[in-house]
Structure formats: structure tokens, C-alpha cells
Amino acid sequence: MAGLALADKRIVVTGGAGFLGRQVVAQLIEAGANPDKITVPRSKDCDLRQLSDCQRVVENQDIIVHLAAHVGGIGLNREKPAELFYDNLMMGAQLIHSAYEAGVEKFTCVGTICAYPKFTPVPFKEDDLWNGYPEETNAPYGIAKKALLVQLEAYRLQYGFNGIYLLPVNLYGPEDNFNPQSSHVIPALIRKVHEAQQRGEKTIPVWGDGSPTREFLYSTDAARGIVMATQLYDDPDPVNLGTNSEISIRDLIELICKLMEFDGEIAWQRDKPNGQPRRCLDTQRAKERFGFEAQVSFEEGLKNTIDWYRANADKID
């Protein structure tokens, strides 16, 4: 891959020990980065909500890939909207400012699909990002992350700071978060089916009515897209990372049940929120600007995720 050579670059990956972060570190190394020059700050040693910790993290670094986030599914969004807004805004805003002050060469900021308006025309185009308010349960998180796009654009305009902003769709894959209190839909459903099978139950509860659609990007594909953008993309425009295909929650749970050989019933909890009605991205900009296209098929990715969970279920709280 051409573009920014990584071999001699000192690189920080915030959130680099997480589900997506581990994949990004692996893809950076595959793209030529020196493993000894990649730093992954850990939350137990470094609180990015504190300016002094942000300043320490970026000192003498060339590239920052900002993945760290306080994030979860609908349940967490409803339970802790203030924490999600404050934590994500403070982490990102202070890290960007510290990176600018430290003379960092490139800042890759990973945003969220939750930043899009609730009723964005499908497929979501980056130019529609500001045409309305996000879905209510996602709004505090989505707006906090979207503010970082404005900050990067402002810092580019005033200071010539090279920051880019990516919008990955819902991610999934091995090593995802399967905690029922904070997981997203795919790991939550896989765990529900697995536990029902373990207990011999024939019914599983699922939030909503199954009508919303979602698009999902496999974690290794997302990581590859982030690294490609870090090397090849230097413009202020935000860029979607996705597959440009959507599936309803109803069809998703049916596919998971088929792959896991569960023949029970789904009890739709219609008193629970559906979330945003539809999500599907226009992915042309990523393809045109830096040649990114997803490679892992949805069924293959789901099988890999299910296999990983089944192999590790007894180690997961």
C-alpha cells in the first residue's frame, strides 16, 4: 500500500487493547508499522478525560489513532446519557488539542454512525450528517463524537492540523463485548441464543418489533479501512466505512438462530425501543478516496463470531 510510510512512525492507538483496537494494531503492523513504536495507553494508567494524561500520551508521537470511547447498546445509552456525552467529548476534544500542540503529524478520529440524523435518507451519505437530530437514545453519544469532526475541521482551517474523521457502521466480530448490560445487538443476540440452548429454553426475548434495519462491518475489515485512511487520506470530509447492505433485526435473529441451530421462538418485547428505524451507508467516498471495500461476507463473519463466543463463553462474565 502506498501513501504515508509507517515503518519509522511513532503511533498511539487509544482504545488499542479493545475489540476494534487489537485489530487496528495488527493491521498497522501488517501495513509496515514497527510494533516497538506502537503505544497502546491503558485506562488503568491513563484517563483521557484528564488533559494532563492526554498531553502525556501524545508527547513525541507522529500519528494518533483515536478509538477509545465510552460506548454501548440502547440499554447503556438510556441509562447513562450524561456519562456518554461527557466522557466521549472530553476524551476526544482534549486529545485533539494536545496532539495539535505537540506537533503530531496525523490524527485519525473514529466517530460513530450514531451521529447521523434519526431520519437520514438511506443509504446514509456523509453530506447528510447535519440534516437533523440523531435518534434520541443515541444523541448524547452521537453528538459528542460529531463535535470532534467540527474540532478537526476548525483545527485544519486555523492551524493546518491534519486530522481525518471516519464513520464506521455497527461493528461485530470475535472478541466483541458480550456483556448483556452494554453489548450491541449481534453479541447480545448470540449470547441469548447460546444461554437459552444451555438451559434448554425454547423462547428468547428480543427488544423491539424486529423491523429496524442495521448494517454491520466485520472488525478486521473496519481495522483495515482505518489503517488505509491513515495512510492514504488527508481531507477534511468525513468518510463512511461500511458494506452498503442492510438487514432487519428480525432477519438477523433468524440468521443467528439458523447458524446456531436454535429452533425456538422469538418473544418480541414491543414495549422496548427499536432505536433508529434504518441504517445503511453509502460507501462510495471510501472507495473513491482511498480504495476501501469490505471483504468479509456477513454470514462468514457471523460464523466466526459465533464460533469464538462458544469457545470462550465460560470465560466471559
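Everything discussed here concerns the structure shown above.
About the cut-offs
- Residues numbered from 1 in each chain as written.
- Predicted model: local features only at pLDDT ≥ 70, side-chain atom pairs only at ≥ 80, totals over all residues.
- Heavy atoms only, no water.
- Axes fitted to C-alpha atoms, helices over the stretch in contact; angles between N-to-C directions.
- Helix = DSSP H or I, 4+ residues; strand = E, 2+ residues; numbered from the N terminus.
- Parallel < 35°, antiparallel > 145°, perpendicular 65-115°, else oblique.
- Left-handed = near helix turned anticlockwise from the far one by under 90°.
- Contact = heavy atoms within 4.5 Å.
- Nonpolar A, V, L, I, M, F, W, Y, C, P; charged D, E, K, R; others polar.
- Core = buried A, V, L, I, M, F, W, Y, C linked by side-chain atoms within 4.5 Å.
- Buried < 20%, exposed > 50% of the residue type's maximum accessible area, 1.4 Å probe, protein only.

Remark: helix α6 (residues 185-199) packs on helix α10 (residues 298-312), axes separated minimally by 11 Å, with the N-to-C direction vectors making an angle of 50°. It follows from the interaxial angle that α6 and α10 lie oblique. In the packing of α6 onto α10, the handedness of the crossing is right-handed. Together, Ile186, Ile190, Arg191, His194, Glu195 and Gln197 of α6 and Phe298, Leu302, Thr305, Ile306, Tyr309 and Arg310 of α10 make up the contact between the two elements. For the contact of α6 with α10, the residue count by class is six nonpolar, three polar and three charged.

Moving on, we come to the nonpolar core. The biggest cluster of nonpolar side chains holds 60 residues, and the ones touching the most others in it are Val13, Val24, Leu28, Phe107, Ile226 and Phe290. The biggest single contributor to this core is helix α7 (residues 219-232), with six residues. Dropping the residues within four chain positions of it, Val24 is found in contact with Val13, Val65, Leu67, Ala223, Ile226 and Val227. Judged by nonpolar contacts, the second largest core, of 26 residues, contains Tyr172, Tyr218, Leu259 and Leu302.

Turning next to the environment of Leu6. For Leu6, the location among the structural elements is in the segment before β1 (11-14). With 56 residues separating them along the chain, Leu6 and Asp62 place their C-alpha atoms 9.6 Å apart. When neighbours within four sequence positions are excluded, Leu6 is seen to be in contact with Ile11, Leu28, Ala31, Gly32, Ala33, Asn34, Ile63, Val227 and Gln231.

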